Amino acid sequence: MGLLRTVARVSTSALITLPVLAVALPARATVGPPESACQGSGEITVEESRLSGEVPQEILRRSGFDTAATDFADALCGARNPRAAEAMVRHHGSRLWRAAVKRAQEVGRATGDLSAGDDRPLYWARLGMTAALRRWEPSFELSDNERAELIASLERWSRGHHQMRFPGDSDITRVVVTGFDPFRLNNDIRQANPSGAAALALDGTAIETDEGPAVIEAGMFPVRWRDFTEGIVEHALLPHYTGHRPADLVITVSQGREGRFDLEAYNGAWRGGGTDNLMVGVSGQIPIPEGVPTVEPQPQWSPSTLDREAIVDAAAGPFPVIDNTQVTEIPAGETEPVVRPDGPTPGSRAVAGGGGDYLSNEIAYRNTLLRDATGREIPAGHVHTPVLHFGAGNGGDVTDDVFERNRTEIVEQVRSIVAEAAAHR
């Protein structure tokens, strides 16, 4: 099986229906959550409150995304009913996603001196928009539930979930790839996430393999337990298991360990309580949303069906690719956790999958459980990327040569892994 031969952009006319935001955005700085004539003093989240920091503002200014939230806030003032507000949410959310994808893929001219491949402008611009929705004081009555639905819709549109539409060609391999927002921002607010950068770089592209063309559609996910509990993963991925043109391959991606890629063999049904971007920690068995297809009784483990051996042997790049079969379990009839290097034993309870017990393990578990619940015998699994670092001499700059080089290398190796997964399905 061969690796990729060419990479091309799929025509966006086949994939989206809403207007696209030009990449060259006018420069106009904002400070913190946006203000407009119809913005009040409503409460915003811990995550959104970080916008007022110097680093987020610099990232937005240097990328040209510093007006997205203000433009959205101003547009909301013209909404005269919930239907009009939903239309504005769809329009502004969709064009933010498409602008981020176009910028990452260097389609057109990117404003500012921040590198095109940076995933952080999308993250911070989106937070400005959700903060605007929370503080919006409409001219009509809007219930808390209606506002929450608008925020959820904005999240989905600005993360590419509704734009994951494949062309009608029957001879293509349909590939879904997902990434994550930056996280651990209280440790370093400059954090980026190479999985998010990879999703932006791959969305809508085509890879030629010896098995034919593979078309990739990508989306982004938040680092928040609440959204996962409410079913954001199933909302985005279930159509690609049951829809008219279902996916042939679904790969979730997140940032993982130092200096290596991991193909996670086993995903566990346990949340370990790590703190998310809202500074909330949740532990317990992963809950499955009502009305979503699942396997009964809920399994403790859900395995990858990627051809991990072939990917390890063939994926090119500077980082080693590891077939990670380790798990942490409580064996049947016992009470103490045990680390197993070769996967879980029969009847054991999950403590940590190969990808740990955080949201990366959870998206992997939810994805592979959907595969089994819908009876789709397709490759599905999780890839952990190396950790993305700044250079040793960086004294607080939002970017440097080491950071840029490593992100580019990680993204290109994700592309190689996806190509091999498509070729060996």
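Check the entry above for the structure.
Below or above, wherever it landed, is the structure these notes cover. (Residues numbered from 1 in each chain as written. Predicted model: local features only at pLDDT ≥ 70, side-chain atom pairs only at ≥ 80, totals over all residues. Heavy atoms only, no water.)

Turning next to the overall build of the chain. The helix and strand tally for the chain stands at 13 helices and 15 strands. Here the C-alpha radius of gyration of the chain, 21 Å, is about what a compact globule of 425 residues would show, namely 22 Å. For the C-alpha atoms alone, the extent of the chain along its principal axes is close to 60 × 50 × 45 Å. Within the span of the chain, comprising 425 residues, buried residues form 58% of the whole. Residue pairs in contact within the chain that sit at least 24 positions apart in sequence constitute 78% of those at least 6 positions apart. Accessible area for the chain stands at about 16,500 Å²; split by element, carbon and sulfur atoms hold 48% of it. Charged side chains of the chain number 41 positive and 58 negative; the gap between the two group centres comes to 5 Å. (Helix = DSSP H or I, 4+ residues; strand = E, 2+ residues; numbered from the N terminus. Rg over C-alpha atoms; globule rule 2.2 N^0.38 Å. Buried < 20%, exposed > 50% of the residue type's maximum accessible area, 1.4 Å probe, protein only. Contact = heavy atoms within 4.5 Å. Areas by Shrake-Rupley, 256 points an atom, 1.4 Å probe, with all protein chains shown as cover. Lys, Arg positive; Asp, Glu negative; His and termini not counted. Charge placed at Lys NZ, Arg CZ, Asp CG, Glu CD.)

Our focus in this paragraph is the nonpolar core. Judged by nonpolar contacts, the single largest core of 41 residues is most densely connected at Phe 72, Trp 124, Leu 133, Trp 136 and Leu 200. When residues of this core are traced back to their parent elements, those giving at least two are helix H2 (54-63), helix H3 (68-76), helix H4 (82-104), helix H5 (120-135), helix H6 (144-158), helix H7 (194-202) and strand E4 (212-221). Excluding its chain neighbours within four sequence positions, the residues that come into contact with Leu 200 are Trp 97, Ala 100, Val 101, Ala 104, Gln 105, Asp 118, Asp 119, Leu 122 and Met 220. Leu 249, Phe 261, Ile 311 and Val 383 belong to the second largest nonpolar core, which has 28 residues in total. (Core = buried A, V, L, I, M, F, W, Y, C linked by side-chain atoms within 4.5 Å.)

The next thing to look at is the pattern of salt bridges. With the rule as written, the count across this model stands at 26 salt bridges. Between Arg 159 and Glu 155 there is a salt bridge; the shortest N-O distance is 2.7 Å. Accessibility expressed as a relative area gives 1% for Arg 159, which makes it buried. Glu 155 sits in the buried class, given a relative accessible area of 6%. Between Glu 404 and Arg 407 there is a salt bridge, with its nearest N and O atoms 2.6 Å apart. One end of the pair, Glu 404, and the other, Arg 407, are both in helix H13 (residues 401-423), 3 residues apart, so they sit about a helical turn from each other. Each member of the pair, Glu 404 together with Arg 407, is buried. (Salt bridge = Lys/Arg side-chain N within 4 Å of Asp/Glu carboxyl O.)

Here we come to the pairing of strand E12 (residues 327-330). Here E12 shows a buried face lined by Val 327 and Glu 329 and a second buried face lined by Thr 328 and Ile 330. Relative to strand E13 (residues 338-340), E12 runs antiparallel, the two sharing 3 bridges. Residue pairing across strands places Val 327 opposite Arg 340, the latter belonging to E13. Of the strand pairs in this sheet, E12 and strand E14 (residues 349-352) are connected by 3 bridges, and their pairing is antiparallel. (Pairing = 2+ DSSP bridges.)

Further remarks concern unusual backbone geometry. Following Glu 296, the chain continues into Pro 297 via a peptide bond in cis, with omega recorded as -10°. Position of Pro 297 relative to the elements: it lies in the loop between strand E9 (281-285) and strand E10 (301-303). A positive phi angle, near 55°, is found at Glu 106, a position not held by glycine. With respect to the helices and strands, the residue Glu 106 is situated in the loop between H4 and H5. Here Met 279, not a glycine, exhibits a phi torsion of approximately 65°, which is positive. One can find Met 279 in the loop between strand E8 (270-275) and E9.

Scanning the entire structure with this criterion turns up 1 disulfide. Through a disulfide, Cys 38 is tied to Cys 77; the S-S separation comes to 2.1 Å. On the sign convention where negative means left-handed, the S-S torsion of about -95° between Cys 38 and Cys 77 marks this disulfide as left-handed. Remark: Cys 77 occurs in the loop between H3 and H4 and Cys 38 occurs in the loop between strand E1 (7-9) and helix H1 (46-49); sequence separation between them is 39 residues. (Disulfide = S-S within 2.5 Å.)

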